[in-house]
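One letter stands for each residue in the lines below.
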Amino acid sequence: MSNQRCSPLVREPLPAVHGAELARTFKALGDRVRLQLLSLIASHAGGEACVCDLTGAFDLAGPTISHHLKVLREAGLTAGERRGTWIHYRV
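Participant: Can you tell me about helix α1 (residues 16-29), naming the residues and giving the values?
Facilitator: Three or four residues apart is the spacing at which side chains of an α-helix point the same way, because the helix has 3.6 residues per turn. Between the first and last C-alpha of α1 there are 20 Å, a value that for 14 residues agrees with the 20 Å anticipated at 1.5 Å per step. Among the residues of α1, those classed as buried are H18, E21, L22, T25 and A28. Buried residues of α1 fall within an arc of 120° about the axis and therefore sit on the same side. For α1, the exposed residues lying more than 90 degrees away from the buried face are A16, F26 and K27.

Right, here's the structure in full:
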């Protein structure tokens, strides 16, 4: 979400469309696993991490990690690029 599209909340009421965007972002960040994933990706060398670097940090199945990464991507918090068989994520 761009700051150019959303005025500060104290100047004018939040338009419904921007409220929906913010709610999706806050919902994505409202899960501790997703917060940890975001932190791991952002702090990884070079600012990006392979999904193979992320799965070992959790006691969760691969499909569960993939779901959380999808939620972060759909909320616009991460981007992914396929390289061979792995996807590399960046904030």
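Next comes the rest of the description.
Participant: Give me helix α2 (residues 32-43): which residues, what numbers.
Facilitator: For α2, spanning 12 residues, the distance from its first C-alpha to its last is 16 Å, which sits close to the expected 16 Å at 1.5 Å a residue. Among the structural elements, α1, β1 (48-50), α3 (51-54), α4 (62-74) and β3 (86-90) are those in contact with the buried residues of α2. The N-capping residue of α2, defined by a side-chain oxygen 2.9 Å from the backbone nitrogen of V33, is D31.

Participant: Give me the lowdown on the pattern of salt bridges, citing residues and values where you can.
Facilitator: Where charged atoms from two side chains of opposite charge approach closely, those side chains can pair. All chains considered together, the criterion is met by 3 salt bridges. Across the pair E48 and R83 runs a salt bridge whose closest N-O atoms are separated by 2.7 Å. With E48 in strand β1 and R83 in strand β2 (residues 79-83), this residue pair connects regions lying 35 residues apart in the sequence. With a relative accessible area of 21%, E48 lands in the partly exposed category. Residue R83 is classed as partly exposed on the basis of its relative accessible area of 33%. The partner of K70 in a salt bridge is E74, with the nearest N and O atoms 3.9 Å apart. Placement of both K70 and E74 in helix α4 is noted, with a separation of 4 residues, approximately one turn of the helix. Among the residues examined, K70 registers a relative accessible area of 39% and is labelled partly exposed.

So, how was this worked out
- Residues numbered from 1 in each chain as written.
- Predicted model: local features only at pLDDT ≥ 70, side-chain atom pairs only at ≥ 80, totals over all residues.
- Heavy atoms only, no water.
- Helix = DSSP H or I, 4+ residues; strand = E, 2+ residues; numbered from the N terminus.
- Expected span 1.5 Å × (residues − 1).
- Buried < 20%, exposed > 50% of the residue type's maximum accessible area, 1.4 Å probe, protein only.
- Arc of directions from axis to C-beta.
- Contact = heavy atoms within 4.5 Å.
- Polar contact = N/O pair within 3.5 Å; in protein donor to acceptor, adjacent residues only side chain to side chain.
- Salt bridge = Lys/Arg side-chain N within 4 Å of Asp/Glu carboxyl O.

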